[in-house]
Amino acid sequence: MSTLAPLRLLREPWNASEGNQSNAMVGASSGWCQRLDIPNELFLALGLVSLVENLLVVAAILKNRNLHSPTYYFICCLAVSDMLVSISNLAEMLFMLLLEHGVLVMRPSIVRHMDSVIDMLICSSVVSSLSFLGVIAVDRYITIFYALRYHSIMTLQRAVVTMASIWLASTVSSTVLITYYRSNTILLCLIGFFLFMLVLMLVLYIHMFALARHHLHSISSQQKPPTAHRGGSLKGAVTLTILLGVFFICWGPFFFHLILIVTCPTNPFCTCFFSYFNLFLILIICNSVIDPLIYAFRSQELRRTLREVVTCSW
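Okay, so let's go over this structure. Computed from a predicted structure; not experimentally measured.

Cut-offs and rules
- Residues numbered from 1 in each chain as written.
- Predicted model: local features only at pLDDT ≥ 70, side-chain atom pairs only at ≥ 80, totals over all residues.
- Heavy atoms only, no water.
- Helix = DSSP H or I, 4+ residues; strand = E, 2+ residues; numbered from the N terminus.
- Contact = heavy atoms within 4.5 Å.
- Expected span 1.5 Å × (residues − 1).
- Bend = angle between axes of the 7 residues up to and from the residue.
- Buried < 20%, exposed > 50% of the residue type's maximum accessible area, 1.4 Å probe, protein only.
- Phe/Tyr/Trp six-rings, centres within 6.5 Å; stacked < 30°, edge-to-face > 60°.
- Core = buried A, V, L, I, M, F, W, Y, C linked by side-chain atoms within 4.5 Å.

## With respect to the overall build of the protein chain
Point 1. Within the protein chain one finds twelve helices and zero strands.
Point 2. For the protein chain, the succession of helices and strands along the chain, N to C, is α-α-α-α-α-α-α-α-α-α-α-α.
Point 3. Considering only intrachain contacts with a sequence separation of at least 6, the fraction spanning at least 24 residues in the protein chain is 81%.

Printed below as a string of structure tokens:
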């Protein structure tokens, strides 16, 4: 059974003739390239873990007034986006299981309608997740380079407008993607959006790391030995590697999959890559599990509130 409906639509290339696509699939199923089967239980387990994690983040931010700031609102929106990925994944899987086992009987037209709704929900959450990752990077950049003017630049009103714009744009773009998912132009736009976010995060985080390293160097130059400089630089490099590494590892294979659909839909090597589609979906769900660990749980104030939420200390 397949998972993640809108991503399932992109499982195999459609911009190839039927004969060429069949030959390519035969080559992909040969001994040198085997399709990777991932148990449905793994999808369910990761979806549940992601749902609980992100739900706790949202609850903690709503509970603690000290966390009612643009920075934490962006983190909250990221958690909501990741949570919607998990909810949609679980809903679709249960929906498909009920249909396959005859527990749920529906007319084909209603099934297609339900599938389209789930498609739009997941696609919207995927686009919004990428968008809020970029917004969080921009917010951190402003915090570091314009610390004295941060509250005048990132006002609550601007934060609300930014969040509303992202949700609206995500909804519209998901509708367009689901409607015209067979268009290479739409796929190129989606690929371009991912590359833009990757470059944006890469430039901003490297610039922030360079500034932090410069400050540490200035401080450590007055100390002997300059151990603080080496330790701080190492910590900053590890943090930067985690941020960008997780983003690229979790999202890169899926978008590379889209690139191959556009560039070489019938090439045997490309078709072999298509056969690992479920692995790319697992990585995307893993990103929803890892995001709270990177962006939320590292905050001491939020961790304290999380303990209160878990122990029901409202």
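## A look at helix 11 (residues 277–296)
Point 1. Between its terminal C-alpha atoms helix 11 stretches 29 Å, which fits the 28 Å expected from 20 residues at 1.5 Å a residue.
Point 2. Its maximal kink placed at I290, helix 11 deviates by approximately 35 degrees, while the proline P292 follows within four residues.
Point 3. Of all the 20 residues making up helix 11, 16 are buried; the element is thus mostly covered by neighbouring parts of the structure.

## Quick notes on helix 4 (residues 70–100)
Since the α-helix turns once every 3.6 residues, residues separated by three or four places project in the same direction.
Point 1. Its 31 residues place the ends of helix 4 45 Å apart at the C-alpha level, agreeing with the 45 Å of an ideal helix rising 1.5 Å per residue.
Point 2. Looking one or two places after helix 4, you find G102, whose phi comes out positive at around 75 degrees.

## Topic: the packing of aromatic side chains
Point 1. Within this structure, the stated rule accounts for nine aromatic pairs.
Point 2. A centroid spacing of 4.3 Å and a plane angle of 10 degrees characterise the contact between F194 and F255, whose relative ring orientation is stacked. Taken as a pair, F194 in helix 8 (residues 184–220) and F255 in helix 9 (residues 227–263) lie far apart in primary sequence, 61 residues in all. Comparing F194 with F255, the two get one shared label, buried.
Point 3. Ring-pair connections join several aromatic residues into one group, and the members of that group are F194, F247, W251, F254, F255 and F277.

## Quick notes on the nonpolar core
Point 1. Counting 76 residues, the largest nonpolar core has Y205, F247, W251, Y295 and L302 as its most contacted members.
Point 2. With twelve residues, helix 5 (residues 108–145) is the single largest residue contributor to this core.
Point 3. Sequence-distant contacts of W251, that is, excluding residues within four places in its chain, are made with V126, S129, L130, L133, F194, I284 and N287.

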